[in-house]
Amino acid sequence: MSILPLLLRNGRRAVSVIRGGRTATEALSGVHPVARRFIIDMSYSAHFMDFNGSSIPSSMKKLVVNKLSPNFREAVSTQTVAVPTPGDADLLVRNRFVGINASDINYSAGRYDPSVKPPFDTGFEGIGEVVGLGLSASSSHTVGDTVAYFGSGAFAEYTVVPAKESVPVPAVKPEFLTLLVSGATAYIALKRLGDLAKGETVLVTAAAGGTGQFAVQFAKQAGCHVIGTCSSNEKAGFLKSIGCDRPINYTTEDLAKTLRKEYPQGIDVVYESVGGSVFELAVNSLAKKGRLIVIGFISGYQTASGIPPFRGGTLPVKLLQKSASIRGFFLPHFLSDYREALGSMMQMYAKGKLVCEVDCGDLTQEGRFVGLESVFRAVDYMYAGKNLGKVVVEVAPPPVSNSKL
Ligand SMILES: NC(=O)c1ccc[n+]([C@@H]2O[C@H](COP(=O)([O-])OP(=O)(O)OC[C@H]3O[C@@H](n4cnc5c(N)ncnc54)[C@H](OP(=O)(O)O)[C@@H]3O)[C@@H](O)[C@H]2O)c1
């Protein structure tokens, strides 16, 4: 088996190794064979592989895509595997919270990279504490650091994260997790593609969800009049509380009629996440020189193709007649903007100028999303349109006696 990174700290040396082999209990229980971890130099091990004196377990749970399908429960299963070993420039992060994204089912359907074949890891983002690290990584990080990250393989109890891709956070709070994908998408998309001007009208669809809540707030900060669609009065109330001028609960109000009646001049910018008929309505509602940003098309994700039906024959005419444009946005294409976006949002949050609404499912019948297995329930919850804010699963409780967490 592999040898863990050698660590020099304060001029002293600590080495740990992993040894393979199955214990009798594992063999009898039928549990997947896992590595057993031994720490050789116990005097210094606490600095890099052992947190708060409690050893890292030899095995952990993670979610693995075994079969490509947009049906998350069908595609994904829980596996017990060895806790991974961080490479020289890596951190081993004990995940405390992981974020659920609409695209978790696009990923499980193999739509991100069709060349990737199952089995593969899943989950886009997590936050937790560093419990182990490689030698190079120890020049910038130490055990106990609190970090967040955006990368694959987050649906696990522990995840290896390249140190340079981790984001330092002042505390392990789920609110910071809302910024990594959802907040960053709204911040960068509106900044780069929105061309927002004071006084313009902005429509945000799925406005009370993970990324919608940020689009509403950033458009408002830019001095725009903000309209937000949602599916309940509770969500509409939340939207009001974060500055949305005109929440529209489309289950009680006709969206097309309302837009026609109240916004006869049309909408300047649309932050569009739903697709299908909502996308068509948004195109038809654009003002002269209007911009529609395609953020997603969630209404199609659960279908075999992943794409909602669209009658686009007259689209060029509609755009030309209004000098309007449609712009696509995909966060991984804008990583050069990422650090600035996160820094700026964290400052806003610290100053109380940004609401980062988190929904851990506390009000669901089965209770809060706790433990990795809750990811399945959390995905269903989002697709039932129940979430208010960013859906987050609490993977593990805080470690005892650490004031930073
Ligand atoms: N382009 C990018 O880089 C990027 C990055 C992040 C997210 N996104 C996109 O942003 C959108 C929102 O994602 P999110 O993760 O933040 O989710 P979310 O908004 O927290 O949750 C999805 C919301 O969409 C609505 N919804 C759920 N299922 C639906 C369905 N079948 N048809 C129509 N509406 C449905 C529900 O809101 P209501 O019931 O209130 O309508 C639900 O709360 C998705 O389209 C996603 O792909 C894109």
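Before reading on, note that the structure itself is shown above.
Residues numbered from 1 in each chain as written. Predicted model: local features only at pLDDT ≥ 70, side-chain atom pairs only at ≥ 80, totals over all residues. Heavy atoms only, no water.

A word on the packing of aromatic side chains. Applying the stated criterion to the full structure yields 15 aromatic pairs. Here Phe369 and Tyr381 contribute two aromatic rings whose centre-to-centre distance is 5.3 Å and whose plane-to-plane angle is 75°, an arrangement assigned as edge-to-face. Of the two residues, Phe369 sits in the loop between strand S21 (358–359) and helix H13 (374–383) while Tyr381 sits in helix H13, which places them twelve residues apart along the sequence. Both residues of the pair, Phe369 and Tyr381, count as buried. Each member of the aromatic cluster is reached from another via a ring pair, and the members are Tyr107, Tyr112, Phe120, Phe124 and Phe330. (Phe/Tyr/Trp six-rings, centres within 6.5 Å; stacked < 30°, edge-to-face > 60°. Helix = DSSP H or I, 4+ residues; strand = E, 2+ residues; numbered from the N terminus. Buried < 20%, exposed > 50% of the residue type's maximum accessible area, 1.4 Å probe, protein only.)

Let's shift gears to the packing of helix H5 (residues 174–194) against helix H12 (residues 338–350). Viewed as axis vectors pointing N to C, H5 and H12 meet at an angle of 115°, and their least axial separation amounts to 9 Å. Taken as a pair, H5 and H12 cross one another with a handedness that is right-handed. Only Tyr338, Glu340, Ala341, Leu342, Ser344, Met345, Met346, Met348 and Tyr349 of H12 make contact with H5, whose side of the interface consists of Glu175, Phe176, Leu179, Leu180, Gly183, Ala184, Tyr187, Ile188 and Lys191. Considering only residue class, the contact of H5 with H12 consists of 13 nonpolar, two polar and three charged. (Axes fitted to C-alpha atoms, helices over the stretch in contact; angles between N-to-C directions. Left-handed = near helix turned anticlockwise from the far one by under 90°. Contact = heavy atoms within 4.5 Å. Nonpolar A, V, L, I, M, F, W, Y, C, P; charged D, E, K, R; others polar.)

Spatially, three strands are ordered S8-S7-S10 in an open sheet, and the strand pairing comes out antiparallel. The strands lining the two open edges of the sheet, one partner per strand, are strand S8 (76–82) and strand S10 (120–121). Bridge analysis of strand S7 (residues 59–65) against S8 gives seven bridges, and the strand direction is antiparallel. Paired with Met60 across the bridge in S8 is Val81. (Pairing = 2+ DSSP bridges.)

This part covers the side chain of Arg94. Looking at the secondary structure, you find Arg94 in strand S9 (residues 90–99). You can call Arg94 buried: its relative accessible area is 16%. Sequence-distant contacts of Arg94, defined by excluding residues within four places in its chain, comprise Ile127, Gly128, Glu129, Val131, Glu157, Tyr158, Ala396, Pro397, Pro398 and Pro399.

This brings us to the pattern of salt bridges. When their charged atoms lie close together, side chains carrying opposite charge are able to pair. In this structure the tally under the stated criterion is 16 salt bridges. Among the salt bridges present, the one from Asp121 reaches Lys62, with a minimum N-O distance of 2.9 Å. Of this pair, Asp121 sits in strand S10 while Lys62 sits in strand S7, and the two are 59 residues apart along the sequence. Overall, Asp121 belongs to the partly exposed group, its relative accessible area being 32%. When its relative accessible area of 18% is taken as the criterion, Lys62 is described as buried. The salt bridge partner of Arg368 is Asp362, with a shortest N-O separation of 3.0 Å. In this structure Arg368 comes out as partly exposed when scored by relative accessible area, which is 31%. The exposure class of Asp362 is partly exposed, given its relative accessible area of 44%. Through salt bridges with shared partners, one network takes in Arg246, Glu253 and Glu262. (Salt bridge = Lys/Arg side-chain N within 4 Å of Asp/Glu carboxyl O.)

Our next topic: the layout of surface pockets. Empty space within the second largest pocket amounts to approximately 280 Å³. Along the wall of the second largest pocket there are 14 residues; nearest its centre are Glu234, Asp359, Leu363, Tyr381 and Leu388. For the lining of the second largest pocket, the secondary structure elements donating two or more residues are helix H7 (233–241) and S21. Residue composition of the lining of the second largest pocket, grouped by class: five nonpolar, three polar and six charged. Built from parts of two domains, the lining of the second largest pocket gets at least three residues from each of domain 2 (51–172 + 358–394) and domain 3 (179–335). (1 Å grid on protein atoms, 1.4 Å probe; cavity = no way out; pocket = protein on both sides within 12 Å on 5 of 7 lines; lining within 4 Å. Points joined across faces, edges and corners; volume = space filled by probe spheres on them. Domains from an automatic or database assignment.)

Taken in spatial order, the six strands line up as S17-S16-S15-S18-S19-S20 in an open sheet, and their pairing is parallel. The strands lining the two open edges of the sheet, one partner per strand, are strand S17 (246–249) and strand S20 (325–328). Direction aside, neighbouring strands of the sheet carry axes that sit 15° apart on average. Contacts from H7 reach strand S16 (225–230) and S17 within the one sheet, and its direction differs from that of S16 by about 160°. Here helix H9 (residues 276–284) sits on the sheet in contact with strand S18 (267–272), strand S19 (286–294) and S20, set at roughly 150° to S19.

Using the criterion set out here, one finds two cavities of 30 Å³ or more in the structure. Its boundaries defined by the atoms lining it, the largest cavity holds a volume of some 60 Å³. Contributing to the lining of the largest cavity are Glu280, Val283, Phe310, Arg311, Gly312, Thr314, Leu315 and Lys318. When contributions to the lining of the largest cavity are tallied by element, the ones reaching two or more residues are H9 and helix H11 (315–322). Taken together, the residues of the lining of the largest cavity break down into three nonpolar, two polar and three charged.

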